[in-house]
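One letter stands for each residue in the lines below.
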Amino acid sequence: MSDTDTAQPTETAAVPVTGTLRPAGAPFAPSRAARELGLKRREFDLAVHLGCVRSIPDEGGGGRVSRDEIDRLRNDARFPETLRERVRTVGTGDGAKLMDVTPARFTRLARLGLVTPVTFYLNRYRVVVWLYLADELRQFAAGKDTAPLLTGRTSPGARDRLEAGLDLRPRNWRGRQLGFLLRQADDPWARAAIVASFLDPAQVAEIVNDPYERAHLNRFRPDRPTRGVPGSPTAHLAERIMTADDPDEIGWLRADLTCTLAEARDHRPAPRPRSEQAPPPHTKTPRPESAHQAYEESGQEHVRSAPPHIQPEEPVRARGLLGRLRGRNPRPARDRKRPARV
């Protein structure tokens with residue numbers, strides 16, 4: 001009879017987890033929140049801008065989403081279709097189909113500023129492709145006041161403006177983007193930096209003369225949407241779209257920057273190097289106990305501050321014939337006599 005060995009379970013020591021785990025109830029990062037909601041990262045950012053997803057600021061200046069907000073959105077009966085439909089964007093072709101108009105009429109309506117793009121991208125031919133919220137286009141087509149614009153001829157005034165090159169799509173997008181960013185900013189310096197980000201740096205330098213204040217604004221400057229490799233023609237084109245170019249728009253942004261900058265200065269001055277900071281206002285110089293002590297201290301200070309005595313240098317005498325004629329440089333006697341001529 002042979003004994004059969006029975007395998008006994010071996011106890012393994014618990015290995016401590018060295019990685020960083022998200023504590024229970026901690027807010028989600030944007031990328032994790034997008035996965036929890038079944039959205040692409042671009043769709044999630046748009047949902048935050050539109051207020052469909054409520055975010056909370058974190059220490060890094062970004063936004064996180066709480067567990068309660070994720071549960072609120074996921075408890076919807078038609079999740080995630082409802083959320084996706086609210087952030088769905090369409091281009092000119094699909095937008096024209098939603099409004100039951102031709103693409104040419106849709107483009108005219110957009111250039112006149114009657115429909116506002118929510119984002120854009122550059123295709124491989126460096127052509128700007130504007131995107132619009134599908135929900136807004138449906139509301140525009142169903143409105144009593146806007147529905148007549150979908151049929152009939154364009155008015156002569158609007159036609160003249162279009163022929164002159166009017167295109168309000170970039171300006172309307174900048175205004176919408178400015179509103180998105182300002183709604184998420186609480187710090188006065190951050191609000192001033194958002195306004196300054198839509199102006200040319202030369203315009204900002206005219207209003208913010210202090211270099212330390214400009215550097216402080218750059219710390220709060222929002223990240224612009226990435227479009228192409230930095231320095232490429234695509235990036236330059238995107239930079240032009242993101243910078244105000246209309247005189248009326250520039251004047252409005254300059255006035256807004258002046259007001260927000262004044263509020264930021266009242267809230268908190270911009271940091272400066274210690275060498276340029278003013279001394280504390282309550283610092284007092286110790287007063288001497290008597291007039292004799294003050295006299296002695298003043299004398300010591302005078303001795304300490306007096307420059308050392310400098311011996312005057314002997315003036316350099318002029319040499320040559322001119323000096324001998326003036327009598328200021330007599331010919332020096334030679335140490336050795338000339339040998340007598342034979």
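What counts and how
Just so you know, the residues in each chain are numbered from 1, in the order the chain's sequence is written. In keeping with the predicted nature of the model, local features appear solely for residues at pLDDT of at least 70, side-chain atom pairs appear and are counted solely at 80 or more, and the whole-chain, interface and lining totals rest on all residues. Side-chain descriptors were evaluated using all non-hydrogen atoms of the structure, hydrogens and water having been removed beforehand. Axes, fitted as lines to C-alpha atoms, cover a helix only where it is in contact. Angles between the N-to-C directions of the axes lie from 0 to 180 degrees. The helix and strand labels rest on DSSP assignments: H or I over at least four residues marks a helix, E over at least two residues marks a strand, and numbering proceeds from the N terminus. Between 65 and 115 degrees an angle is taken as roughly perpendicular, under 35 as roughly parallel, over 145 as roughly antiparallel, and anywhere else as oblique. In this analysis, two residues are considered to be in contact whenever any of their non-hydrogen atoms come within 4.5 Å of each other. For two strands to pair, DSSP has to find at least two bridges joining them. Salt bridges are identified by distance alone: a Lys or Arg side-chain nitrogen within 4 Å of an Asp or Glu carboxyl oxygen. Take the buried residues of types Ala, Val, Leu, Ile, Met, Phe, Trp, Tyr and Cys, join any two whose side-chain atoms come within 4.5 Å, and each joined set is a nonpolar core. The classification of residues rests on relative accessible area computed with a 1.4 Å probe and restricted to protein chains. Under 20% of the type maximum is buried, over 50% is exposed, and intermediate values are partly exposed.

(A) Representation of the packing of helix α10 (residues 188-196) against helix α12 (residues 211-219) within the structure. Here α10 crosses α12 at 90°, and the two axes come no closer than 8 Å. As far as their axial angle goes, α12 and α10 are roughly perpendicular. Together, Trp189, Ala192 and Ala193 of α10 and Glu213, His216 and Leu217 of α12 make up the contact between the two elements.

(B) How the structure looks around the sheet that holds strand β5 (residues 128-133). Reading across from one edge, β3-β5-β4 is the order of the three strands in this open sheet, with antiparallel pairing throughout. The sheet terminates laterally at β3 (89-90) and β4 (119-122), the two strands that pair on one side only. Of the pairings in the sheet, the one linking β4 to β5 comprises four bridges and is antiparallel in character. Looking across to β5, one finds that Leu122 is bridged to Val128. Contacts between helix α7 (residues 134-142) and the sheet are confined to β3 and β5, with β5 contributing the most and set at about 70° to the helix. Each of β4 and β5 touches helix α13 (residues 233-242); the most contacted strand, β4, lies at about 155° to it.

(C) Spotlight on the pattern of salt bridges. For the structure shown, the criterion picks out 17 salt bridges. Residue Asp45 is joined to Arg41 by a salt bridge in which the shortest nitrogen-to-oxygen separation is 3.0 Å. With Asp45 and Arg41 both in helix α2 (residues 41-50) and four residues apart, this pair spans about one turn of that helix. One salt bridge connects Arg67 with Asp71, and the closest N-O pair in it is separated by 3.2 Å. Within this pair, Arg67 and its partner Asp71 are both found in helix α3 (residues 67-74), separated by four residues, close to a single helical turn.

(D) Quick look at the nonpolar core. In this structure, Leu178, Ile194, Leu253 and Leu257 are the most contacted members of the largest nonpolar core, which totals 24 residues. Elements that contribute at least two residues to this core include exactly α9 (169-183), α10, α11 (201-207) and α14 (247-267). For this core, the element with the highest residue contribution is α10, accounting for seven residues. Those residues within four positions of Leu257 in sequence are excluded, and the remaining contacts are Ala192, Val195, Ala196, Leu199 and Ile207. With 21 residues, the next largest nonpolar core counts Val101, Ala110, Val115 and Phe140 among its residues.

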